[in-house]
Amino acid sequence: MRVGASMATDPQQPQSDADRVNELAARVDLVGAAIAKHEDTLAELRELVKGLAPDNAGPGYTPIPTRRWHDDLAGQERADAIERLQDWVCCVYEPVYGHLAAGLGPCWPEHPLALVVLDHMSETWGVLYARPARTQRILSAQLEFLLRYVPAAAEMLRAETRGCVRHMRRRAAP
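Quick caveat: nothing in here was measured; it's all calculated off a predicted structure. (Residues numbered from 1 in each chain as written. Predicted model: local features only at pLDDT ≥ 70, side-chain atom pairs only at ≥ 80, totals over all residues. Heavy atoms only, no water.)

Chemist: Outline helix α4 (residues 136-161), supporting the account with residue identities and numerical values.
Modeler: With 26 residues, α4 should cover 38 Å at 1.5 Å per step; its first-to-last C-alpha distance of 36 Å lies within 8% of that length. Most pronounced at Phe145, the bend in α4 amounts to some 40°. Looking only at α4, the buried set comprises Ile138, Gln142, Phe145, Val150, Ala153, Ala154, Leu157 and Thr161. Turning to α4, the residues buried within the fold contact α2 (75-101) and α3 (112-129). At the exit of α4 stands Gly163, carrying a positive phi of roughly 70°. (Helix = DSSP H or I, 4+ residues; strand = E, 2+ residues; numbered from the N terminus. Expected span 1.5 Å × (residues − 1). Bend = angle between axes of the 7 residues up to and from the residue. Buried < 20%, exposed > 50% of the residue type's maximum accessible area, 1.4 Å probe, protein only. Contact = heavy atoms within 4.5 Å.)

Chemist: Can you explain the environment of Glu123? Please cite residues and give values.
Modeler: If you trace the backbone, Glu123 turns up in helix α3. The spatial distance from the C-alpha of Glu123 to the C-alpha of Tyr61 is 8.7 Å, given a sequence separation of 62 residues. Every residue in contact with Glu123, bar those within four places of it in the chain, is listed here: Tyr61, Pro63, Ile64 and Arg84.

Laid out in structure tokens, this is it:
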């Protein structure tokens, strides 16, 4: 019989049930030891990676609850929500996004679509930019927001609020 070969591979010697169980138990032990070693290695790698990469799950911006612009947001609650958006438009959207933001008409607070779009943009912006550090994943998301979402949203806002006849008539009336 070859060294290291199982008795089951030698047709000359039949293997008893007890021998087969013992051999399988030994194999299970070997597999278990290999798995434990891999788990230890994975734990070491996790600790190493934690030390190298900043933890972006820590203190960062937590989005506010979804605004229900379409049905139950009224009165002071609505005014407060619009004021929050106005702050974001004045402090972030207009100064940062330049010509894209210039298409936003002054009547945007009166347009439900504009409220929804600006609400989403401001909350997404907060999640992406109001954090102490950024990973490669966040950096990629920031670039996608800048190149894909902001231009599309800016175009929707421009189309919704520029040349708004209803609001232009109201502003022109004495």
